[in-house]
Amino acid sequence: METVTNILEVKDLSVSYTVANVVTHVLKKVNLIVPRGKSIGLVGESGCGKTTTMRAILGVLPSNANIENGEIIFNGSDILKMSSNELQEFRQTGAGMIFQDPSSALNPVFSIKEQFLTSIRYAHKEKNYSSKELYEKAIEALKAVSLADPDRIMNSFPFQLSGGMRQRVCIAMTLAGEKELLLADEPGTALDVTIQDQILRLIKDLVDSHELSVIMVTHSLGVIRQVTSEVNVMYAGSIVEGGDTVKVFEQPKHPYTMALMDCLPKLTGTSIAEGIPGRIPDYDNPPVGCRFFPRCIYALDQCRNEIPGQTLIENGHWVACFAAAEGKVWRN
Ligand SMILES: Nc1ncnc2c1ncn2[C@@H]1O[C@H](COP(=O)(O)OP(=O)(O)OP(=O)(O)O)[C@@H](O)[C@H]1O
Ligand SMILES: [Mg+2]
């Protein structure tokens, strides 16, 4: 296959959920690019749609979700136009995911060995490896993620492993399947800090050594700085600013990013209410124009009715804000 520069391009992705006949429009025209072999970050307060974005990319949205619009181009092909066989293949060979809740990542009724071998047998189906060879590949990958006693792990069921071990198993499956993209949804957040730190270091090493491409969802400013080269800031289902991590952090342009940067280290609760008055709008009746409009002290008239497009501020840094585009947003 011809190699394309960006392993993933999400274009104008809109997703809604339906609960008891009420439609909530969660993602609104999300645009996201993952350059090959790079690790990019996705940040934003709780409920802004990060997990929804990740699940949409992997094609594992819950059944009450509807993709209303958009394209998800992986290695040049639109995932949303794939047949169920192609989608299955993409999940087995293209991308792996570390779920926010480590208990939802592995199937509880099958042993690690069964799940691991099924997954990598599929990924390497052209090579016709014997079961023994596949087993060895699995062991090698478990060792690569620093899991001691890989044979015991292979013979365990998910409930017999700790949360950190389960997340490592998921990373090992991504590695052994030679997948190119890892979707890491708050890896380690449910675990204690030292384990979280080890998992992050591991992901960083894999980006460097295996040219893995990663989307990292996290609440931690430190993690984003340490692990990603580009960052995307999400607010109420839209990406409001993005670009080179250092530029976005040092010179944030969107009023939301500015507030977020001020309180990101403690952003584990439900809102950034301390930093900006108000809260995320209701998704069943979101603002017509910019979704940040009701909370924005810089809002212009047009923000009420029009959704701002992306404006390039400088090379490798863009913002979706009418006021910032006109230079009317500044920090004291
Ligand atoms: N299965 C579902 N059915 C209905 N609504 C859902 C479903 N899953 C998510 N949502 C809604 O979509 C919105 C975005 O949720 P999502 O899990 O994507 O947020 P998030 O950014 O990952 O938050 P967090 O940082 O807390 O993990 C929320 O308002 C949530 O209630
Ligand atoms: Mg989430």
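From a predicted model like this one, the values you see are computed outputs, not experimental measurements.

## As for the pattern of salt bridges
Logical step 1: Counted under the stated rule, the structure contains eight salt bridges.
Logical step 2: For Glu-180, the salt bridge identified is with Arg-36, shortest N-O distance 3.1 Å. With a gap of 144 residues between them, Glu-180 in the loop between helix H6 (163-176) and strand E7 (181-185) and Arg-36 in the loop between strand E2 (22-35) and strand E3 (39-43) connect regions that are remote in the sequence.
Logical step 3: Look at Glu-180 and you get partly exposed, because its relative accessible area is 29%.
Logical step 4: Residue class for Arg-36 comes out partly exposed when judged on its relative accessible area of 27%.

## Points about the sheet that holds strand E8 (residues 213-217)
Logical step 1: Pairing within the open sheet is mixed, and its eight strands lie in the order E6-E7-E8-E3-E9-E10-E12-E11. Single-partner strands in this sheet number two, and they are strand E6 (95-98) and strand E11 (311-314). Pairs of neighbouring strands in the sheet enclose a mean axial angle of 20 degrees, with direction left out of account.
Logical step 2: Relative to strand E12 (residues 317-319), E11 is paired through three bridges, and the arrangement is antiparallel. The partner of Leu-312 across the bridge, within E12, is Trp-318.
Logical step 3: Contacting E3, E6, E7 and E8, helix H7 (residues 193-210) runs over the sheet at an angle of about 155 degrees to E8.

## Here's the deal with the packing of helix H3 (residues 112-123) against H6
Logical step 1: At their nearest, the axes of H3 and H6 sit 9 Å apart, and the two run at 25 degrees to each other. As the angle between them shows, H3 and H6 are arranged roughly parallel. Like other packed secondary-structure pairs, H3 and H6 cross with a definite hand, here right-handed. Where H3 abuts H6, its residues Ile-112, Gln-115, Phe-116, Ser-119 and Ile-120 lie against Val-169, Ala-172, Met-173 and Ala-176.
Logical step 2: Tallied by class, the residues present in the contact of H3 with H6 amount to seven nonpolar, two polar and no charged.

## Describing the environment of Gln-198
Logical step 1: Residue position: Gln-198 is located in helix H7.
Logical step 2: Along the chain, Gln-198 and Arg-168 lie 30 residues apart, while their C-alpha atoms are 9.9 Å from each other.

## A look at the side chain of Thr-53
Logical step 1: Mapped onto the secondary structure, Thr-53 falls in helix H1 (residues 50-58).
Logical step 2: Residue class for Thr-53 comes out buried when judged on its relative accessible area of 1%.
Logical step 3: Those residues within four positions of Thr-53 in sequence are excluded, and the remaining contacts are Leu-27, Val-30, Leu-32, Leu-42 and Met-234.

## Focus on the environment of Ala-141
Logical step 1: Position of Ala-141 among the secondary structure elements: in helix H4 (residues 131-144).
Logical step 2: A sequence separation of 27 residues divides Ala-141 from Arg-168, and the C-alpha atoms of the two residues are 9.7 Å apart.
Logical step 3: If near-sequence neighbours (up to four positions away) are discounted, Ala-141 is found in contact with Phe-116, Ala-172 and Ala-176.

## A word on the confidence of the model for the chain
Logical step 1: Of the residues in the chain, 93% have a pLDDT of 70 or more, and the chain-wide mean is 87.
Logical step 2: Note on residues 266-271: pLDDT is under 50 here. Beyond four places in sequence and across chains, it has eleven contacts.

## Some thoughts on unusual backbone geometry
Logical step 1: The residue Asn-21 is not glycine, and still its phi comes out positive at about 65 degrees.
Logical step 2: Residue placement: Asn-21 occurs in the loop between strand E1 (6-19) and E2.
Logical step 3: A positive phi angle, near 45 degrees, is found at Ala-236, a position not held by glycine.
Logical step 4: Examined against the element boundaries, Ala-236 turns out to sit in the loop between strand E9 (230-235) and strand E10 (238-244).

## Side note on H4
Logical step 1: Across its 14 residues, H4 extends 20 Å between first and last C-alpha, which sits within 8% of the 20 Å expected from 1.5 Å per residue.
Logical step 2: Looking at H4, one finds that the buried residues are Leu-134, Tyr-135, Ala-138, Ile-139, Ala-141 and Leu-142. The arc enclosing the buried residues of H4, seen along the axis, measures out at 165 degrees, which places them on a common side. Every exposed residue of H4 that faces more than 90 degrees away from the buried side is listed here: Lys-132, Glu-140 and Lys-143.
Logical step 3: In this structure, the buried residues of H4 make contact with H3, helix H5 (150-154) and H6.
Logical step 4: Count one or two residues on from H4 and you reach Ser-146, which has phi positive near 60 degrees.

## A short note on the site of ligand 1
Logical step 1: Taken together, 16 residues are adjacent to ligand 1, and Ser-46, Lys-50, Thr-51, Thr-52 and Gln-100 come closest.
Logical step 2: Lys-50 places a side-chain nitrogen or oxygen 2.7 Å from an oxygen atom of ligand 1.
Logical step 3: Contact between ligand 1 and Glu-186: an oxygen atom at 3.5 Å from a side-chain N or O atom of the residue.
Logical step 4: Coverage of ligand 1 by the protein amounts to 69% of the 640 Å² it exposes when considered alone.
Logical step 5: Every element with two or more residues in the shell around ligand 1 is listed here: E1 and H1.
Logical step 6: Ranked by residues supplied to the shell around ligand 1, first place goes to H1 with three residues.

Definitions and cut-offs
- Residues numbered from 1 in each chain as written.
- Chains lettered and ligands numbered in written order.
- Predicted model: local features only at pLDDT ≥ 70, side-chain atom pairs only at ≥ 80, totals over all residues.
- Heavy atoms only, no water.
- Salt bridge = Lys/Arg side-chain N within 4 Å of Asp/Glu carboxyl O.
- Helix = DSSP H or I, 4+ residues; strand = E, 2+ residues; numbered from the N terminus.
- Buried < 20%, exposed > 50% of the residue type's maximum accessible area, 1.4 Å probe, protein only.
- Pairing = 2+ DSSP bridges.
- Axes fitted to C-alpha atoms, helices over the stretch in contact; angles between N-to-C directions.
- Contact = heavy atoms within 4.5 Å.
- Parallel < 35°, antiparallel > 145°, perpendicular 65-115°, else oblique.
- Left-handed = near helix turned anticlockwise from the far one by under 90°.
- Nonpolar A, V, L, I, M, F, W, Y, C, P; charged D, E, K, R; others polar.
- pLDDT = per-residue confidence, 0-100.
- Expected span 1.5 Å × (residues − 1).
- Arc of directions from axis to C-beta.
- Near = heavy atom within 4 Å.
- Polar contact = N/O pair within 3.5 Å; in protein donor to acceptor, adjacent residues only side chain to side chain.
- Areas by Shrake-Rupley, 256 points an atom, 1.4 Å probe, with all protein chains shown as cover.

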